[in-house]
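Chain by chain, the residues:
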Amino acid sequence: FKTKDNQYVLSFNACNYTEKYQHSLGVGLAVSDCVNGPYRIVTVDAPINEAFSDSGNDCSLFCDDDGQLYMCFNGYKVLYLCKLNTDSWTVDGQPEVVCRPELEGWDSIGIEGPCIVKRHGIYFYWYSSWTWGYAAGVLTSNSIHGPWTKSPANPVLFDSELWHAAGHNNCLRAKDGK
C-alpha cells in the first residue's frame, strides 16, 4: 500500500506460539521505499494490535482524502478501524469498533477479512463471514468514523454457479480509475 509520503506498506498476519502469545494471531507491518522492496518489518517486538486486542489478523490499509492512513482488521468476532501514525508505525488512540456479528443470520458465527474503499463520498467497509458458506457483506458510512450501516442486501457476494467461497475480498482502483 502506498502512503502519502511515497512509502510502501505491507501488512501481514503473524502467529507466535510462545507462552505470551499462545494461539494468538497478530498484525504485522513492513515498510519500504520501493514497491519491490526490500521491506523492513516495523513491528518486530510485538503485533501492532497487541495493546488493544488479544488477537487479530486480516489487516487492510486505507488512505483517506487527507492522506491519513488507517488499518482495518478483525479481532475475535469484531471488526476494527485504527488510525496509523506513519512516523512511529503505531496506532493513534484506541481502535474503533466498526461491527460485531448478528446473533442470527449470515454473519453470526464469525467475521473477518475487512477492507475499505471510498466511492462518490461514501465509505464501503467490506467484510466476510463463513456462517452461510463463505460470503462477503458490506457496511456503509458518510464518515470514516461511522456510524456504519449494514447493507440489507448482505451477503452481497456469495456462492453461486460462477464462483465458490466469495468471501475474503479486497478492492483496488486500477490505473484507469475503475
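Since the model is a prediction, treat every value here as computed from it, not as a measurement.

Draft legend 1. The arrangement of the pairing of strand β2 (residues 24-32) in detail. A large share of β2 lies buried, amounting to eight of its nine residues. The sheet contact formed by strand β1 (residues 8-16) and β2 spans nine bridges and is antiparallel. The partner of asparagine 13 across the bridge, within β2, is valine 27. Across two bridges, β2 lies against strand β3 (residues 40-41) in antiparallel orientation. Paired with alanine 30 across the strands is isoleucine 41, a residue of β3.

Draft legend 2. Broad picture of the pattern of salt bridges. Throughout the structure, instances matching the rule amount to four salt bridges. The salt bridge involving lysine 150 is made with glutamate 102; its shortest N-O contact spans 2.9 Å. Of this pair, lysine 150 sits in strand β11 (residues 149-150) while glutamate 102 sits in the loop between β7 (90-99) and β8 (112-119), placing them 48 residues apart in sequence. Residue aspartate 107 pairs with lysine 150 through a salt bridge whose shortest N-O separation is 2.7 Å. Pair noted here: aspartate 107 is in the loop between β7 and β8 and lysine 150 is in strand β11, with a separation of 43 residues, a long-range link. Classification of aspartate 107 as buried rests on a relative accessible area of 0%. Ionic contacts of the salt-bridge type, sharing partners, join the residues Asp64, Asp65 and Lys118 into one network.

Draft legend 3. Main features of the packing of aromatic side chains. Using the criterion set out here, one finds four aromatic pairs in the structure. Measuring from centroid to centroid gives 6.0 Å for phenylalanine 62 and tyrosine 123, while their planes differ by 75°, and the two rings are edge-to-face. A residue pair is termed long-range when its members are at least 10 positions apart, and phenylalanine 62 in strand β4 (residues 57-63) and tyrosine 123 in strand β9 (residues 122-129) qualify at 61 residues. The two residues phenylalanine 62 and tyrosine 123 agree in class, both being buried.

Draft legend 4. Summary view of the layout of surface pockets. In this structure, the largest pocket occupies an estimated 510 Å³ of space. Lining the largest pocket are 20 residues, with Ile116, Val117, Cys171, Leu172 and Arg173 sitting closest to its centre. Per-class residue counts for the lining of the largest pocket are 10 nonpolar, four polar and six charged.

Draft legend 5. Structural view of the sheet that holds strand β10 (residues 135-141). Sheet architecture is open: four strands sit in the order β8-β9-β10-β11, paired in antiparallel fashion. The outermost strands of the open sheet, each flanked by one partner alone, are β8 and β11. Note that β8 and β9 share six bridges and pair antiparallel. Residue arginine 119 lies in a different strand from β9, and its bridge partner there is isoleucine 122.

Draft legend 6. Expanded view of the sheet that holds strand β5 (residues 69-75). Pairing is antiparallel in the open sheet, where four strands are placed in the order β4-β5-β6-β7. Each end of this open sheet is capped by a strand with a single partner; those strands are β4 and β7. Ignoring strand direction, the axes of neighbouring strands in this sheet form an average angle of 25°. The pairing of strand β6 (residues 78-85) with β7 spans six bridges and is classified as antiparallel.

Draft legend 7. Geometry of unusual backbone geometry. In this chain, glycine 37 is followed by proline 38 through a cis amide linkage whose omega measures 5°. Relative to the helices and strands, proline 38 resides in the loop between β2 and β3. In this structure, proline 147 follows glycine 146 across a cis peptide bond, with omega equal to 5°. With respect to the helices and strands, the residue proline 147 is situated in the loop between β10 and β11. Notably, asparagine 6 is not glycine yet its phi reads approximately 60°, a positive angle.

Conventions adopted
Residues numbered from 1 in each chain as written. Predicted model: local features only at pLDDT ≥ 70, side-chain atom pairs only at ≥ 80, totals over all residues. Heavy atoms only, no water. Buried < 20%, exposed > 50% of the residue type's maximum accessible area, 1.4 Å probe, protein only. Helix = DSSP H or I, 4+ residues; strand = E, 2+ residues; numbered from the N terminus. Pairing = 2+ DSSP bridges. Salt bridge = Lys/Arg side-chain N within 4 Å of Asp/Glu carboxyl O. Phe/Tyr/Trp six-rings, centres within 6.5 Å; stacked < 30°, edge-to-face > 60°. 1 Å grid on protein atoms, 1.4 Å probe; cavity = no way out; pocket = protein on both sides within 12 Å on 5 of 7 lines; lining within 4 Å. Points joined across faces, edges and corners; volume = space filled by probe spheres on them. Nonpolar A, V, L, I, M, F, W, Y, C, P; charged D, E, K, R; others polar. Axes fitted to C-alpha atoms, helices over the stretch in contact; angles between N-to-C directions.

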